[in-house]
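Here is what each chain is made of, one letter per residue.
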Amino acid sequence: MGSRGEARRRAGGGAGGPLGRSRRRRRQPGMGPPGSGGSSTSARGSLQHLFLFLLFVGPFNCFASYSRATELFYSLNEGLPAGVLIGSLARDLRLPTQRPAAPQPPLSFTLASRGLGGQYVQLDNRSGELHTSDVEIDREALCVESSGVTIFGGAASVSSSSPSSESCLLLLDVLVLPQEYFRLVKVKIAIQDVNDNAPRFPVPHIRLSVPENAPVNTRLAIEHPALDPDVGTNGVQTYRLRDNYGVFTLDVEENESGERTPYLIVMGALDRETREEYVTVIVAEDGGNPPLMGSATLTIAISDINDNCPQFSDSQLNITLYGNSSLGTHLATVHAVDMDLGSNAQITYSYSQKVSQPSRDLFHLDESTGAITLSSKVDGDTPRLHRLIILGNGPGCIPAVITVLVTIIKVMTRPPEVVPRFIANEAEGVVYLKELEPINTPIAFFTIKDPDEKYKVNCYLEGDGPFRLSPYKPYNNEYLLETTKPLDYETQQLYEISVVAWNSEGFHVNKIVKIQVLDDNDNSPVFSQQLIELSIEENNVPNAFLTKLHATDADSGERGQVSYFLGPDAPSYFSLDKSTGVLTVSTQLDREEKEKYRYTVKAVDSGFPPRESIATVTITVLDKNDNSPRFINKDFSFFVPENFPGFGEIGVISVTDADAGQNGWVALSVLNGSDIFVIDTGKGVLRAKVSLDREQQSSYVLWIEAVDGGDPALSSTAKITILLLDINDNPPLVLFPQSNMSYLLVLPSTLPGSPITEVYAVDKDTGMNAVIAYSIIGRRGPRPESFRIDPKTGNITLEESLMQNDYGLYRLLVKVSDHGYPEPLHSTVMVNLFVNDTVSNESYIESLLRKEPDISIEEKQPQISIEPTHKKMESGSCMPTLVALSIISLGSIALVTGMGIYICLRKGKKHHRADENLEVQIPLNGRINLHMLEKKPMEISNI
């Protein structure tokens, strides 16, 4: 940054340096050194003593002050931070810094007044050191201009007038006390410039005009040079162009005051017609380190000079003019081009002096536009060839020249005449024919006349169209115009033909004939499509839009206006707008009710008689998933014989869905019981995974869900009841007696008809398969016929009185049989009765029971009054069989209930009989075991 400048001072009247003069008075003898320091209060006290001293001393004091005045100069860079040492007044004034210990005031330094300069410095009152303050010094703000203008601020001021034109000085007045060192010190601080500002152009865009004929090395001053608040080498030093296009460069000139002005120098030839403008960037650069730059856009406009002359594109122009042309007829326009601009490009046209006066009088030339028109009437004396030399004049240029040759074709004074006589309707030169006129329809007669009657006149037809012009014999110079083909209004409505007469002199006369074809209603409306295929989703909103029919009619006017109608086969809920052809349906369509519609529509024009055409409309109603799957029955019942094999077909669940496609696909599933039952999704066949046993569960209730394939899917459920039909697969189970080795003591005094015991059995089957009959099929004993068994109840009673000879062991083999179909099943049990007064030797009885009984089997069937139902089933049909099975199933349920009640009652009887009889029951192991005997005999009293 900045550095402390060197203080320069001179005493007495010696010559000063470049910074000015300085005077210093010698210190008087006996003055002691100043004190070590002093406060602002002591400084103010010293000032009061100074003022009193001045009042008494008067003029001598003024001289003394002047003689003791001192001037110090310091140099300081701008922009330094606070606390930078500028200089030490005590050292530079060579004042003693150490004073002898004495009761003298200390040395102090005080600013005489705080003005503008005081805010930039801090003065230490004791040491006299001068430092920068918190206010940053900006040279460009203090010294606005370098013209010597001084800005005062009390005792301190800022000046740039000395010591040089680039100096910026900060002036301070400092008082030194006490009295023995008193002096007024003029402190000048030179603010040195640093490169802290970039050059800046006063305008962002600079425009400079250069004439295109400017010679090489032409110098043009740029009126807006760049400004840089910095001074010296930190100011603007050089200029340059970023793009000189090879024809420009810059030069810088410096005037006496040091201002630098850039000059644009032309280094090559310029041509406005080649390039009108050059746009580049001018850059100003100062001399700082590093240098700073500023730029502006420089536009160099090339101004036009008259360096181009008019030119014609052609040197000669040939024109033909008929002698009967009217005045003012335009022959031609000559045009020359000048590449210059503005007034330099203005062109005027004139005749050359070589053009004769008759030609000038016959043809007028517009000097501004170059238009040539006929200004006089052509007569028989007018020359047939005219040579017009026309000049194109530009300012300061040699005229451009073009030659116009005008050839005049003379016209006969009495041309041939063409006289038409129209046969068809004609008005104002237009002939009207209907398009339905037949071939060879006559249109007009044309009579060809030669007024001079000395030339041969021929006649022919010009123009396109189905027309013919032929001589009408036997007359001379008579021609008939007629049609050669039928006319079609839709192909072409207007024909323009010419009847041309020409004589041997080559003169032509045209008679234009316009033929307008009149329209007839000869076209029927045409549909854009003969078959209109439409589709719409079902459940549509009422009055839904289907399509817009379109038919065109080539006829014109009302004959081409088309109206639309529905055919007689269209349903009433379809409507067709007569004018627009919009087809709608007024009601909701249901695909399940009807999927396709087919009917006709008509397009009728407004001609007379009207013509019509017919198209066919087909409408396909698209399916929506609006129908849930539907089971044929809400409840299905299936009767299945038990022990039906696994995965056998139980029944078919029939389900339908009125929707189509994927919406009509139905998937079946079992909601409950899926661990036992499964259903075929496609066929609806219900199957059981395992064989079913009616004795474990007699019926099943399933819920089947049907889900369609729509999105979202719809579903429905049905109840399935499966009833298992009983099969005679269980033989009767004997519950009592529990063992073939048990026995019962029968007292000889038992009366006939008394019940002795019973055989009790159950059958897990139902119906006839569970009806049990009891019979004795084998007997052994002293008088075995003494006991009988009830075939229904299994009660064994005593038939005859027992005698002395009837004592002993009776063994009855009882057969327990059901009435199952096709073959009944049975079980056997041995009933042992010991007739005696007491049981004195149980081991003996047990030994008898262990012996295999020698019992002959009786084949006598038990007599029970139950008619078997299988006989009817054999002779009946399937339907009676199903009815009978249903009745049997219901009966089986009632039978099981009754048997439960019966068992409860029998248990009550057993408890009652237990008071009279005591028997030991041995459980059965499925086979007769005569070696087991676990029964205690007891007496049976008479009932």
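Reading the values: the criteria
- Residues numbered from 1 in each chain as written.
- Predicted model: local features only at pLDDT ≥ 70, side-chain atom pairs only at ≥ 80, totals over all residues.
- Heavy atoms only, no water.
- Salt bridge = Lys/Arg side-chain N within 4 Å of Asp/Glu carboxyl O.
- Helix = DSSP H or I, 4+ residues; strand = E, 2+ residues; numbered from the N terminus.
- Buried < 20%, exposed > 50% of the residue type's maximum accessible area, 1.4 Å probe, protein only.
- Arc of directions from axis to C-beta.
- Contact = heavy atoms within 4.5 Å.
- Pairing = 2+ DSSP bridges.
- Axes fitted to C-alpha atoms, helices over the stretch in contact; angles between N-to-C directions.
- Core = buried A, V, L, I, M, F, W, Y, C linked by side-chain atoms within 4.5 Å.
- Polar contact = N/O pair within 3.5 Å; in protein donor to acceptor, adjacent residues only side chain to side chain.
- pLDDT = per-residue confidence, 0-100.
- Phe/Tyr/Trp six-rings, centres within 6.5 Å; stacked < 30°, edge-to-face > 60°.
- Lys NZ or Arg CZ within 6 Å of the ring centre and 35° of its normal.

1. Description of the pattern of salt bridges
Then, number 1: All told, the structure shown has 21 salt bridges when counted by the stated rule.
Then, number 2: When the shortest N-O distance is used, the salt bridge between Glu253 and Arg219 registers 2.7 Å. A residue pair is termed long-range when its members are at least 10 positions apart, and Glu253 in strand E13 (residues 248-254) and Arg219 in strand E11 (residues 219-221) qualify at 34 residues.
Then, number 3: A relative accessible area of 35% places Glu253 in the partly exposed class.
Then, number 4: The exposure class of Arg219 is partly exposed, given its relative accessible area of 35%.
Then, number 5: Among the ionic pairs, Arg783 bridges to Glu800, the shortest N-O distance being 1.9 Å. With Arg783 in the loop between strand E57 (772-780) and strand E58 (787-789) and Glu800 in the loop between strand E59 (795-798) and strand E60 (808-818), this residue pair connects regions lying 17 residues apart in the sequence.
Then, number 6: Classification of Arg783 as buried rests on a relative accessible area of 17%.
Then, number 7: Sharing partners across several salt bridges, the network here consists of Arg272, Glu273, Glu276 and Asp304.

2. A short note on helix H6 (residues 842-850)
Turn by turn, an α-helix covers 3.6 residues, leaving residues three or four places apart pointing in a common direction.
Then, number 1: Every buried residue of H6 is accounted for by Ile845, Glu846 and Leu849. Seen end-on, H6 carries its buried residues on one side only, within an arc spanning 100°.
Then, number 2: Those residues of H6 that are buried lie in contact with strand E54 (743-746), E60 and strand E61 (826-835).

3. Concerning the sheet that holds strand E42 (residues 596-605)
Then, number 1: If you walk across this open sheet you meet the four strands as E36-E43-E42-E39, and the pairing is mixed. The open sheet terminates on both sides in strands that have one partner only, identified here as strand E36 (531-537) and strand E39 (562-566). Shown here is a sheet whose adjacent strand axes are inclined to one another by a mean of 30°, direction ignored.
Then, number 2: As judged from the seven bridges shared by E36 and strand E43 (residues 612-622), these two strands associate in the parallel manner.

4. Side note on the nonpolar core
Then, number 1: The biggest cluster of nonpolar side chains holds 29 residues, and the ones touching the most others in it are Leu89, Phe109, Leu130, Val174, Val176, Val187 and Ile189.
Then, number 2: For this core, the secondary structure elements donating two or more residues are strand E1 (70-77), helix H3 (89-92), strand E3 (108-111), strand E4 (121-123), strand E8 (169-177) and strand E9 (183-192).

5. Here we look at the pairing of strand E5 (residues 129-132)
Then, number 1: Of the two faces of E5, only the one carrying Leu130 and Thr132 is buried; Glu129 and His131 on the other face are not.
Then, number 2: As judged from the three bridges shared by E4 and E5, these two strands associate in the antiparallel manner. For Val121, the partnering residue across the bridge sits in E5 and is Thr132.
Then, number 3: Linking two consecutive strands that pair antiparallel, namely E4 and E5, is a turn of five residues; a positive phi of about 75° is found at Gly128 within it.

6. A short note on the side chain of Thr132
Then, number 1: Tracing the chain through its elements places Thr132 in strand E5.
Then, number 2: From its side chain, Thr132 meets the backbone oxygen of Pro81 in a polar contact 2.6 Å long.
Then, number 3: With sequence-adjacent residues up to four places away left out, Thr132 is seen in contact with Leu76, Pro81, Ala82, Gly83, Val84, Ile86, Tyr120 and Gln122.

7. Observations regarding the confidence of the model for the protein
Then, number 1: Across the protein, the average pLDDT comes to 79, with 79% of residues at or above 70.
Then, number 2: Here helix H2 (residues 59-67) stands out as the element of the protein with the lowest mean pLDDT, 34, in contrast to strand E41 (residues 582-585), whose mean of 95 is the highest.
Then, number 3: In the model, residues 1-67 has pLDDT below 50 throughout and makes 122 contacts with residues more than four positions away in sequence or in other chains.

8. With respect to the packing of aromatic side chains
Aromatic ring pairs: the centre-centre distance and the angle between the two ring planes describe each pair.
Then, number 1: Applying the stated criterion to the full structure yields 16 aromatic pairs.
Then, number 2: Aromatic pair Phe631 and Phe636: ring centres 6.3 Å apart, planes at 75°, arrangement edge-to-face. In this pair, the class of Phe631 matches that of Phe636, namely buried.
Then, number 3: In this structure an aromatic cluster arises from ring pairing among Tyr573, Phe574, Tyr597 and Tyr599.
Then, number 4: Note that Arg219 overlies the ring of Tyr263, its terminal NZ or CZ placed 5.1 Å from the centroid.

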